[in-house]
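Remarks on the overall topology
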Amino acid sequence: MSHKAWGGRFSQPTDKRVEAFTESISFDARLADVDITGSQAHARMLADVGLLTATERDQIVSTLEEIRQVIHRGEMPWRTELEDIHMHIESELIRRLGDTGRKLHTGRSRNDQVSTDIKLYVRDAIDHLDQLLETVQRAFVSRGERDLDVVLPAYTHLQRAQPVCATHYWLCYAEKFQRDRDRLADCRKRVNVSPLGAAALAGTSLPINRHKTAQYLGFDGVAANSLDISSDRDYLVEFTSALGLIAAHLSTWAEEWILWCTTEFGILHLPDAFTTGSSIMPQKKNPDVLELTRGKSARVIGAVQQLFVLIKGLPLAYNRDLQEDKLAMFTAYDTVAACLDLAAPVVEQAVLKRDVINARLEDGFLDATTLMEYLIRKGVPMRSGHEIVGKLVADCEAAKKRLADLSLAEFQAANPLIENDVYESLGARNVVRMLQSYGSGGLGPVKEQLAAWTKRLG
Ligand code: ARG
């Protein structure tokens, strides 16, 4: 005879190997808080509709609160034979309250219960991530203030392209993380719809009030189809996908700074507290935090894949496969939260090596495009201007000169429309003064964006 909560129709005890194989308490114990909160709301609703007395409700709510404290103190023994967090809490309630405890699961199933728990958990996770993202944005924006006088080469194909304000780089990440925040906020709308009361898959013949539980739990609405509810994990695919993009943004930032810290680039210094050494090479100081930020993105992107594969082709409605959803979600969330947590101080404390940047700023013809635009302003068609400047660059390269080193006579030999004011368009710092289009890396537009960001973050 089985001793399980569901053991009524079983005549044999469960094989120990099956218990070990099917348990989820080893990873869903962290849903304890939201599970208790969900059960308390459910009990209140059951009393509202007359399925519990007021006394039973109060006993259940306060005993669940005691169980919450036991769990917080780490005094709840987790037992594989109790499968998951839901059964642990319910059986502890029954142990303490007897028949009153045996009424809690009225009009509910673990299928809607687990989805409710996950949604409550993810809702908090989204709010936490939003704060972490804002902190990282603030770090970039405050760097933006500090580095307004720095001009950096910007790259395409990892080849020097045009100069921009360093602040333009920092605000670039503020933009990316803003889209991440917006995406999470959008995902939150679909997370915040209540599954509770869908019961196993078909709803219930009991007079429950799903709108009440939704209201008690702060959900914005109630999901309308019980079959859809018991099978829906779209919100986890959305959530982890949003996390995947955060991880991708972080890994781009990490990769760029890893390059900048190399002897070859040498334009960024990471503080000792955020680097690690080598066990054999005494001179080494490695950007391991950045490397792991880049590397850990694999887990997050993997979690998205894991969830897609998990739900693909699954028949309606609940299947035990779905128990695996939490592993992917927790991994993605923990990883991104840890990376964001470290990103903020690294962003704040890294030092740009202004001397190295300035010594090399005029390398690589960063002003060629602006010279072409000078010709356009003088009436030269764009394609002709491109060709003229291309030839001048080739000449300068052969003569180991910069464009600004050419004499006015040499410029006029290339095109007679060129006048002495050409020199105002040459040199990286001049270029940054001239870039003026909305959203460009020039000093004027960047200052405007910086002011907008400062205002936005308050
Ligand atoms: N531990 C299970 C999960 O995470 C809870 C739902 C179990 N439902 C069931 N019908 N066996 O999915």
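Focus: the pairing of strand S2 (residues 159-165)
The sheet contact formed by strand S1 (residues 151-156) and S2 spans six bridges and is antiparallel. Across the sheet, the residue bridging to proline 153 is proline 163, located in S2. Hairpin geometry of S1 and S2 is characterised by an intervening segment of two residues between the two adjacent antiparallel strands and by a positive phi of about 60° at histidine 157.

Let's talk about the environment of aspartate 186
Tracing the sequence through the fold places aspartate 186 in helix H7 (residues 166-191). Note on aspartate 186: relative accessible area 30%, which makes it partly exposed. For aspartate 186 and alanine 139, which are 47 residues apart along the polypeptide, the C-alpha to C-alpha distance reads 24 Å.

Topic: the nonpolar core
Counting residues in hydrophobic clusters, the biggest one holds 94 residues, and the most contacted among them are Leu129, Phe239, Trp253, Trp257 and Trp260. Counting residues per element, this core draws most heavily on helix H10 (residues 234-260), at 14 residues. Those residues in contact with tryptophan 253 that sit more than four places away from it in its chain are Phe140, Tyr173, Leu290, Thr293, Ala343, Val346 and Val347. Core analysis: the second largest hydrophobic core is formed by 18 residues, Ala368, Leu375, Leu403 and Ile418 among them.

Here we look at helix H11 (residues 288-311)
Across its 24 residues, H11 extends 35 Å between first and last C-alpha, which sits within 8% of the 34 Å expected from 1.5 Å per residue. Those residues of H11 that are buried lie in contact with H10 and helix H12 (325-349). One or two steps after H11, the chain reaches glycine 313, where phi turns positive at roughly 75°.

Brief notes about the packing of aromatic side chains
Where two aromatic rings form a pair, the distance of their centres and the angle of their planes describe that pair. Tallied over the full model, the rule gives 14 aromatic pairs. Here the aromatic rings of tyrosine 121 and phenylalanine 330 are separated by 5.2 Å at their centres, their planes lie at 80°, and the arrangement is edge-to-face. One end of the pair, tyrosine 121, is in helix H6 (residues 110-146); the other, phenylalanine 330, is in helix H12, with 209 residues separating them in the sequence. With respect to burial, tyrosine 121 and phenylalanine 330 carry one shared label: buried. Relative to tryptophan 253, the ring of phenylalanine 140 lies with its centre 6.4 Å away and its plane at 85°, an arrangement referred to as edge-to-face. Of this pair, phenylalanine 140 sits in helix H6 while tryptophan 253 sits in helix H10, and the two are 113 residues apart along the sequence. Exposure class is identical for phenylalanine 140 and tryptophan 253. Each is buried. Grouping aromatic residues by their ring pairs yields a cluster made of Phe140, Tyr169, Trp170, Tyr173, Phe177, Trp253, Trp257 and Trp260. Note that arginine 30 overlies the ring of phenylalanine 330, its terminal NZ or CZ placed 4.1 Å from the centroid. Taking NZ or CZ as reference, arginine 44 lies 3.9 Å from the ring centre of tyrosine 216, over its face.

What about the layout of surface pockets?
Empty space among the atoms becomes apparent when a probe as large as a water molecule is rolled across them. The space that makes up the largest pocket amounts to roughly 630 Å³. The wall of the largest pocket is formed by 23 residues, among which His3, Lys4, Ala5, Leu82 and Ser91 lie closest to the centre. Where the lining of the largest pocket is concerned, the elements lending two or more residues are helix H1 (16-22) and helix H5 (85-97). Ranked by the residues each element gives to the lining of the largest pocket, the list is headed by H5, at seven residues. Taken together, the residues of the lining of the largest pocket sort by class into eight nonpolar, five polar and 10 charged. Put simply, the second largest pocket is a space of about 340 Å³. Around the second largest pocket, the lining is made up of 14 residues, and of these Cys261, Thr262, Thr263, Lys285 and Pro287 lie nearest the centre.

Analysis parameters
Residues numbered from 1 in each chain as written. Predicted model: local features only at pLDDT ≥ 70, side-chain atom pairs only at ≥ 80, totals over all residues. Heavy atoms only, no water. Pairing = 2+ DSSP bridges. Helix = DSSP H or I, 4+ residues; strand = E, 2+ residues; numbered from the N terminus. Buried < 20%, exposed > 50% of the residue type's maximum accessible area, 1.4 Å probe, protein only. Core = buried A, V, L, I, M, F, W, Y, C linked by side-chain atoms within 4.5 Å. Contact = heavy atoms within 4.5 Å. Expected span 1.5 Å × (residues − 1). Phe/Tyr/Trp six-rings, centres within 6.5 Å; stacked < 30°, edge-to-face > 60°. Lys NZ or Arg CZ within 6 Å of the ring centre and 35° of its normal. 1 Å grid on protein atoms, 1.4 Å probe; cavity = no way out; pocket = protein on both sides within 12 Å on 5 of 7 lines; lining within 4 Å. Points joined across faces, edges and corners; volume = space filled by probe spheres on them. Nonpolar A, V, L, I, M, F, W, Y, C, P; charged D, E, K, R; others polar.

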